[in-house]
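Chain by chain, the residues:
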Amino acid sequence: MKKANFFGLAVILFLVTMLSVPAEAMAQEQQEQEVTQLPISWENWRQAKAEAEKYDLEGDYARALQYYLEYIRQAEGLGRPDIVAWGKNNAAYMIIKQHKEDPTTDLEPAKKLLEEGLQIAEATEDCQVKLRSNLEYVMMFIKD
């Protein structure tokens, strides 16, 4: 009898937990999975850019980051390293913005993106300036 009660309690706890997960969070996860499966095209690059900028303006830096990563993937597929460099800078900047709100945010991924961006020979001079500036910020908090 005790086993049946325990099993029943476990099922109820599971159901309560599942019901407490907001539908919006589940929809966001599904949307993010769909984003990474888009075919390479200029339209999908423009869409990723627009979504990233929208979420950045809304202060949802984690979501903006996901779209900047798609922006990078699209730009790589389109053979545009200059745009890839900007995407890496912008994605890193979303991590920096997260860090400014929450100093426990790991800046290593931002460092990696910025260093990769600086390795892109086709990066414009303006982009290189931004990449270096953001890397300087990151390095103030990362001890090698």
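Each chain carries its own residue numbering, running from 1 in the written order of its sequence. Reporting in this predicted model follows two pLDDT cut-offs: at least 70 for local features of residues, and 80 or more for side-chain atom pairs to be given and counted; totals over whole chains, interfaces and linings ignore these cut-offs and use all residues. The side-chain quantities take in all heavy atoms of the structure and omit both hydrogens and water.

*Asks:* Please provide a residue-by-residue account of the overall build of the protein, values included.
*Replies:* Check the secondary structure of the protein and you find seven helices and zero strands. Numbering of helices and strands starts at the N terminus; helices are DSSP runs of H or I of at least 4 residues and strands are runs of E of at least 2. When the helices and strands of the protein are read in sequence order from the N terminus, they spell out α-α-α-α-α-α-α. Categorising residues by exposure relies on relative accessible area from a 1.4 Å probe, with only protein chains included: less than 20% of the type maximum marks a residue as buried, more than 50% marks it as exposed, and the intermediate range marks it as partly exposed. The buried share of the protein, taken over its 144 residues, is 35%. Residue contacts follow a heavy-atom distance rule, with two residues in contact if any of their heavy atoms lie within 4.5 Å. Taking the contacts inside the protein whose residues are at least 6 apart along the sequence as the reference set, 61% of them involve residues at least 24 apart. Working note: accessible area of the protein is about 9,200 Å², and carbon and sulfur atoms make up 58% of it. For every accessible area listed, the method is Shrake-Rupley and the probe measures 1.4 Å; residues are considered covered only by the protein chains on display.

*Asks:* How would you summarise the environment of proline 109 if you had to cite specific residues and measurements?
*Replies:* Secondary-structure assignment places proline 109 in helix H6 (residues 108-118). Sequence-wise, proline 109 and alanine 91 are 18 residues apart; in three dimensions their C-alpha atoms are separated by 9.4 Å.

*Asks:* So what about the packing of helix H5 (residues 81-101) against helix H7 (residues 125-139)? Which residues, and what values?
*Replies:* For helices, the fitted axis covers only the stretch in contact; all axes are lines through C-alpha atoms, and the angles between them, taken along N-to-C directions, range from 0 to 180 degrees. Orientation of H5 relative to H7, taken along the N-to-C sense of each, is 30°, at an axis distance of 10 Å. Classified by the interaxial angle, the pair formed by H5 and H7 is roughly parallel. When you trace H5 past H7, the crossing you get is left-handed. Here Ala85, Trp86, Asn89, Tyr93, Ile96, His99 and Lys100 of H5 come into contact with H7, specifically with Asp126, Cys127, Lys130, Leu131, Asn134, Tyr137 and Val138. Looking at the contact of H5 with H7 residue by residue, the classes come out as eight nonpolar, three polar and three charged. Throughout this description, any angle smaller than 35 degrees is read as roughly parallel, any larger than 145 degrees as roughly antiparallel, any in the 65 to 115 degree range as roughly perpendicular, and the remainder as oblique. Each crossing is labelled by how the near helix is turned from the far one, with a counterclockwise turn of less than a right angle marking it left-handed and a clockwise turn marking it right-handed. Asp, Glu, Lys and Arg are counted as charged, while Ala, Val, Leu, Ile, Met, Phe, Trp, Tyr, Cys and Pro are counted as nonpolar; the rest, among them Gly, fall into the polar class.

*Asks:* Go over the packing of aromatic side chains, please, and point to the residues and values.
*Replies:* Between the rings of Phe, Tyr and Trp (Trp by its six-membered ring), a pair exists once the centres lie within 6.5 Å; its type follows the angle of the planes, with under 30 degrees stacked, over 60 edge-to-face, and the other angles tilted. Summed over all chains, the structure comprises five aromatic pairs. Their ring planes at 20° and their centres at 5.7 Å tell us that tyrosine 55 and tyrosine 67 sit as a pair that is stacked. Remark: tyrosine 67 occurs in helix H4 (residues 61-77) and tyrosine 55 occurs in helix H3 (residues 42-57); sequence separation between them is 12 residues. What makes tyrosine 55 buried here is its relative accessible area of 5%. Between tyrosine 68 and tyrosine 71, the ring centres sit 5.6 Å apart and the planes meet at 70°, which makes this aromatic pair edge-to-face. Taken as a pair, tyrosine 68 and tyrosine 71 lie in helix H4 at a separation of three residues, close to a single helical turn.

*Asks:* Kindly report on H3, identifying the contributing residues and their values.
*Replies:* Helix length check: H3 (16 residues) gives 23 Å between terminal C-alpha atoms against 22 Å at 1.5 Å per residue, within 8%. Looking at H3, one finds that the buried residues are Asn44, Trp45, Ala48, Glu51, Ala52, Tyr55 and Asp56. Buried residues of H3, viewed axially, fall in a sector of 135°; they line one side. What a helix is expected to span follows from its residue count: subtract one and scale by 1.5 Å. The directions considered for the arc run from the helix axis to the C-beta atoms.

*Asks:* Explain H7 to me, using residue names and the numbers behind them.
*Replies:* Between the first and last C-alpha of H7 there are 21 Å, a value that for 15 residues agrees with the 21 Å anticipated at 1.5 Å per step. Listing the buried residues of H7 in full gives Cys127, Leu131, Asn134, Leu135, Tyr137 and Val138. Looking straight down H7, one finds that the buried residues subtend no more than 155° of arc, so they occupy a single side. What points out from H7, more than 90 degrees from its buried face, is the exposed set Glu125 and Glu136. Packed against the buried residues of H7 are H5 and H6.

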